[in-house]
Amino acid sequence: MHHKVTSDNPIGIFDSGIGGLTVVKAIRAALPFEKIIYFGDTARVPYGTKSQVTIRKYAADDTAILMRYQPKLIIVACNTVSALALDVVEKVCGSIPVIGVLKAGAGLAVEATSNNRIGVIGTQATICSNAYACTINELDPDIHVVSKACPLFVPLAEEGLIDHDATRLIARDYLAGIINQDIDTLVLGCTHYPILRRIIEETIGPAICIIDSAEAVALRTRELLEESGLLNNSGEHALPHLMVSDLPQKFSMIYKLFLGSELPDVELVEV
């Protein structure tokens, strides 16, 4: 029962919580006329501390919610789902293209490194899956990847502690082991992490190039829509339609803080 997808159909984006707003921001900057449907599973955030079975179930639920809106493309703005359940999303989507943040970020990192030493930080589940190292080494087997799980970064970002001493302290502790590994590139392997970018930069110093996979995804999305002739050229700016599974007021507050703009209504949906 596949509907005919037109350029007017929206882009669907989902994440475990507010992290995917970094992707919304990048997509809006790169493709200002696209309609965006966003779902943040704020009732069940974080995903990165959960088992693969649970993450795969959540991925199917989240995708099904977006599919109600007949999207022309789905962006998995959650690295944990990208690492452990991209196939589940693809199955639920049928013939609709799926872009995962992980592959896009890995590709950008490979282009950026000059000394072939890349650091990756992410959730426990993403780092344990080894998906970044595998994807990077598929692109270039000579690259050495140093990975580090930073589980407390997600709750700190969700609480909006973007300029806080607690975040600085934890960043120093997490990143110490990675900085002395002679990396020249660091992948923010979780869409929540760009929210804490200032503190991460401050901690690792200016010499290391930071890869924000949200920007990589926006580039890949543009390519894909151009190839398939589905770019929206209406010239009309539409506000994104935002949905969460819990705490819409808190989500609104973070949205304003992070995107620096007034926001449309946030709809509460059952997962």
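Above this text sits the structure in question.
Residues numbered from 1 in each chain as written. Predicted model: local features only at pLDDT ≥ 70, side-chain atom pairs only at ≥ 80, totals over all residues. Heavy atoms only, no water.

Visitor: Is there a simple way to explain the pattern of salt bridges in this structure?
Guide: Pairing between side chains of opposite charge can happen when the charged atoms of each approach one another. Throughout the structure, instances matching the rule amount to 15 salt bridges. A salt bridge links R198 to D163; its shortest N-O distance comes to 3.9 Å. Placement of the pair is R198 in helix α10 (residues 197-204) and D163 in the loop between α8 (153-158) and α9 (165-179), with a sequence separation of 35 residues. Close ionic contact of D165 with R168 constitutes a salt bridge, the shortest N to O distance being 3.3 Å. In this pair, D165 and R168 are both assigned in helix α9, three residues apart and thus about one turn of the helix distant. A relative accessible area of 18% places R168 in the buried class. (Salt bridge = Lys/Arg side-chain N within 4 Å of Asp/Glu carboxyl O. Helix = DSSP H or I, 4+ residues; strand = E, 2+ residues; numbered from the N terminus. Buried < 20%, exposed > 50% of the residue type's maximum accessible area, 1.4 Å probe, protein only.)

Visitor: What's the story with the layout of surface pockets in this structure? I'm lost.
Guide: Space left empty within the atom packing is revealed by a probe, the size of a water molecule, rolled over the atoms. Considered as a void within the structure, the largest pocket measures approximately 180 Å³ in volume. Lining of the largest pocket is provided by S82, A83, L86, G100, L102, K103, A131, C134, T135 and E138. At the level of elements, α3 (79-84), α5 (101-112) and α7 (131-139) are the ones that each hand at least two residues to the lining of the largest pocket. For the lining of the largest pocket, the element with the highest residue contribution is α7, accounting for four residues. Broken down by class, the residue content of the lining of the largest pocket amounts to five nonpolar, three polar and two charged. (1 Å grid on protein atoms, 1.4 Å probe; cavity = no way out; pocket = protein on both sides within 12 Å on 5 of 7 lines; lining within 4 Å. Points joined across faces, edges and corners; volume = space filled by probe spheres on them. Nonpolar A, V, L, I, M, F, W, Y, C, P; charged D, E, K, R; others polar.)

Visitor: In this structure, what is going on with the side chain of D41? I would like to understand it.
Guide: Inspection of the secondary structure assignment puts D41 in the loop between β2 (36-40) and α2 (52-67). According to the relative accessible area criterion, D41 is buried, its value standing at 0%. There is a polar contact of 2.7 Å between the side chain of D41 and the side chain of R44. Setting aside anything within four residues of it in sequence, one finds D41 in contact with D15, S16, G17, Y47, Y58, D62, S245 and V271. (Polar contact = N/O pair within 3.5 Å; in protein donor to acceptor, adjacent residues only side chain to side chain. Contact = heavy atoms within 4.5 Å.)

Visitor: Teacher, can you tell me more about the sheet that holds strand β1 (residues 11-15) here?
Guide: In space, the six strands of this open sheet follow the order β4-β3-β1-β2-β9-β10, with parallel pairing throughout. With one partner strand each, in any of the chains shown, β4 (98-100) and β10 (266-268) form the two edges of the open sheet. When strand polarity is set aside, the average angle formed by the axes of neighbouring strands in this sheet is 20 degrees. Here strand β9 (residues 241-244) runs beside β10; their pairing, made up of three bridges, is parallel. (Pairing = 2+ DSSP bridges. Axes fitted to C-alpha atoms, helices over the stretch in contact; angles between N-to-C directions.)

Visitor: What's the story with the sheet that holds strand β5 (residues 117-122) in this structure? I'm lost.
Guide: Paired through their backbone hydrogen bonds, the strands of a sheet run either parallel or antiparallel. If you trace the four strands from one edge of the open sheet to the other, you get β6-β5-β7-β8, paired in parallel fashion. The open sheet has two edge strands with one neighbour each: β6 (144-149) and β8 (209-212). Put simply, the sheet's adjacent strands are angled 25 degrees from each other on average, direction ignored. Note that strand β7 (residues 185-188) and β8 share four bridges and pair parallel. Within the sheet, the bridge partner assigned to L186 lies in β8 and is I210. Across the face of the sheet, α10 comes into contact with β5, β7 and β8 while running at roughly 155 degrees to β8. Relative to β8, helix α11 (residues 213-227) is tilted by about 55 degrees, and along the sheet it contacts β7 and β8.

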